[in-house]
Amino acid sequence: MRGFLAAVMCLCLCLVLFLCPLYSCALPPPCDSEIYCYGDILRQVQTAKLFDDDKHFVDMKLKSAPDIILTAFHNLTHGDPNSVPPAVLRDFLHKYFDEPGKEFAPWSPPDWHDNPQFLAGIADAELRSWAEKLHHLWKSLGRKISSDALAHPEQYSQIFTPHPFVVPGGRFRELYYWDSYWVINGLLLSEMTDTARGMILNFIHLINRYGFIPNGARVYYERRSQPPFLSLMVESYYQTTNDTDFLRTALPALEQEYLFWMRNRSVAVEVKGNKHVLNRFDVQVGLPRPASTSLNSDAAERLWKELHSGAESGWDFSSRWFVDGLGNNNGSLKDTRTSLLIPTDLNALLCRNERTLAHFYRTLGNESEAARYDKAVSARQEAIEAVLWDEKRGVWLDYSLVTNTSHPAFYPTNLAPVWADCYSHPSMGQKALHYLQTSGGLAFPNGVPTSLVDSGQQWDYPNAWPPLQHILIQGLSSLPSQEARELGFDLAQSWIRTNWLAYVKYEAMFEKYNVNGDGKPGGGGEYEVQLGFGWTNGVALQLLSQYGDRLTSGSNGNSFTSCLSISVSVALLCSAQTLFL
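Remember, predicted model here, so these are calculated numbers, not experimental data. (Residues numbered from 1 in each chain as written. Predicted model: local features only at pLDDT ≥ 70, side-chain atom pairs only at ≥ 80, totals over all residues. Heavy atoms only, no water.)

Engineer: Quick one: what's the story with the overall build of the protein, residue by residue and with numbers?
Structural biologist: Scanning the protein from N- to C-terminus turns up 20 helices and 13 strands. Within the protein, buried positions represent 58% of all 581 residues. Considering only contacts in the protein between residues 6 or more positions apart, those separated by 24 or more positions represent 70%. When the accessible area of the protein is evaluated, it comes to approximately 22800 Å², of which 53% is carbon and sulfur surface. (Helix = DSSP H or I, 4+ residues; strand = E, 2+ residues; numbered from the N terminus. Buried < 20%, exposed > 50% of the residue type's maximum accessible area, 1.4 Å probe, protein only. Contact = heavy atoms within 4.5 Å. Areas by Shrake-Rupley, 256 points an atom, 1.4 Å probe, with all protein chains shown as cover.)

Written out as structure tokens, the structure is:
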């Protein structure tokens, strides 16, 4: 009987995937699970708002095989799923589902140890003590998937990966893609090379299974990715270990991921008669995001696709992706058009990936493949300068495929090509520095905001996010001018101060912070601010390692709180002047 029902389920899925174009859904669901990604149970549970967070339900474990649960729900509803009262739904979930967390087995990283070397380089005693506490957090954020999840994958939304890993924290209880770049860099500073290596091997495992790395290790993420940082994770690991055998192991997967982005996320743009190939976020999914179903269940298929694409960007969500009916960068969440924009940061990242792959092949003695990626870097750089560089403003800007013009709004990622070293003329870096100083983005004491638009979305003002701070600071520190490097240090100082004050107040690290309040967590978006927090810890440890001899907590009469350094003070005056013009 169970086999017959499984065959019926398979047939139904085929009908969904292949006959939908005859009706209203031309695109596939987020995954093939009729419980976790589409179907009456998902719709009814999420619409009933049984949990504060939609993600709770899709992280629950099934107590029985999916076909048994689907049949039980059909019998419960007598073929009319809209008739189930919330109390009956709760009883049904209690009978057939376990709470989230059953997918994990107890685990503590065996390579964790006290007193990693970088702590000795932190001069400020308060910051050194805090860094030691951050180092301890890796143990609480470590996870290992249970043997039952391996034996019965159909009963979990968790995607099995063979090695233990570090999670972001809070509602984000699984492995995530781009977060892990900053997590791994923090682990390497903590001398946890085995854990870092295992996480990279997990991503290679996912590439071998899917052909790319999903947004996170859940089935409802398996048709979208996130910014491709794996090559840079491998680079960090190689710089720490000099393990060329591991480099050789990883390279085929890195090549496969790069091909995924070039084959599935690229677009040709013609400027002044020349065609250039650049990349965008463009997810082909035509149903709501399962972990946020009730928030966009009434949207049209086009908006579902664009919201998935916005989630793939990592910026879910932001006014950055809004395109109104006239093609302008205005509107609200319903105007999200992520796939119609060419982002500066994605293309800067891919440029850096191409350069990194060239270096890897050259390190392994494969000059012909290295030369191929050298050409890719040159083509990318030419495309970025032709399409994204704005000479008048002296910076790179997102490009609209609707209007064939740039979006002039400020984002820290407008300077991502500086971080990626993907520009041809040294003057561009200096112009970008001047742009930053006059943009309005430096007019805040606790970090650089994600944008200057207060849309209510979490990837907008007044939130500041750790990865964007780090990319901006590292870019400035790479420029030859002392002015740029001092600004980079000053931004690091203000960011560390913000993180430290929040830790003193709450004894917690947050995923994002408010630029207007000393140690105030960020807000907005679809869920409450989360504690943990993987990439926040990683960025803080990197900045403490890089600038530890100069950074101060402001304790014991330190003058940090009384004045900023001259370079930031000048920048603040320029920013304020720009804001009030």
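Engineer: Run through the pairing of strand E4 (residues 142-145), naming residues and quoting values.
Structural biologist: Each regular strand displays side chains that alternate between the two surfaces of the sheet. Alignment of strand E3 (residues 104-105) against E4, held across two bridges, turns out to be antiparallel. Residue pairing in the sheet places Ala105 in a bridge with Lys144 of E4. Both E4 and strand E5 (residues 165-166) contribute to a ladder of two bridges, which runs antiparallel. The residue of E5 that forms the bridge with Arg143 is Phe165. (Pairing = 2+ DSSP bridges.)

Engineer: Now, about the environment of Glu154: what can you tell me, with residues and values included?
Structural biologist: Residue placement: Glu154 occurs in the loop between helix H7 (147-151) and E5. Between the C-alpha atoms of Glu154 and Ser33, which are 121 residues apart in sequence, the distance is 8.7 Å. Setting aside anything within four residues of it in sequence, one finds Glu154 in contact with Leu62 and Pro66.

Engineer: Pulling in residues and values, what's your account of the pattern of salt bridges?
Structural biologist: Per the stated rule, a full pass over the model turns up 31 salt bridges. Between Asp282 and Lys305 there is a salt bridge, with its nearest N and O atoms 2.6 Å apart. You can see Asp282 sitting in the loop between strand E7 (274-279) and helix H12 (301-313) and its partner Lys305 sitting in helix H12, a full 23 residues away along the chain. The shortest N-O distance in the salt bridge between Asp390 and Arg393 comes to 2.9 Å. Using a relative accessible area of 13% as the deciding quantity, one classes Asp390 as buried. The network of salt bridges with common partners includes Lys55, Asp59, Glu103, Arg173, Glu174 and Arg218. (Salt bridge = Lys/Arg side-chain N within 4 Å of Asp/Glu carboxyl O.)

Engineer: Tell me about the packing of aromatic side chains, and name the residues and values.
Structural biologist: Per the counting criterion, the structure on display carries 43 aromatic pairs. Above the face of the Trp112 ring, Lys139 is positioned so that its terminal group lies 3.9 Å from the ring centre. One Lys or Arg, Arg320, reaches over the ring of Trp315 and ends 4.5 Å from the middle of that ring. (Phe/Tyr/Trp six-rings, centres within 6.5 Å; stacked < 30°, edge-to-face > 60°. Lys NZ or Arg CZ within 6 Å of the ring centre and 35° of its normal.)

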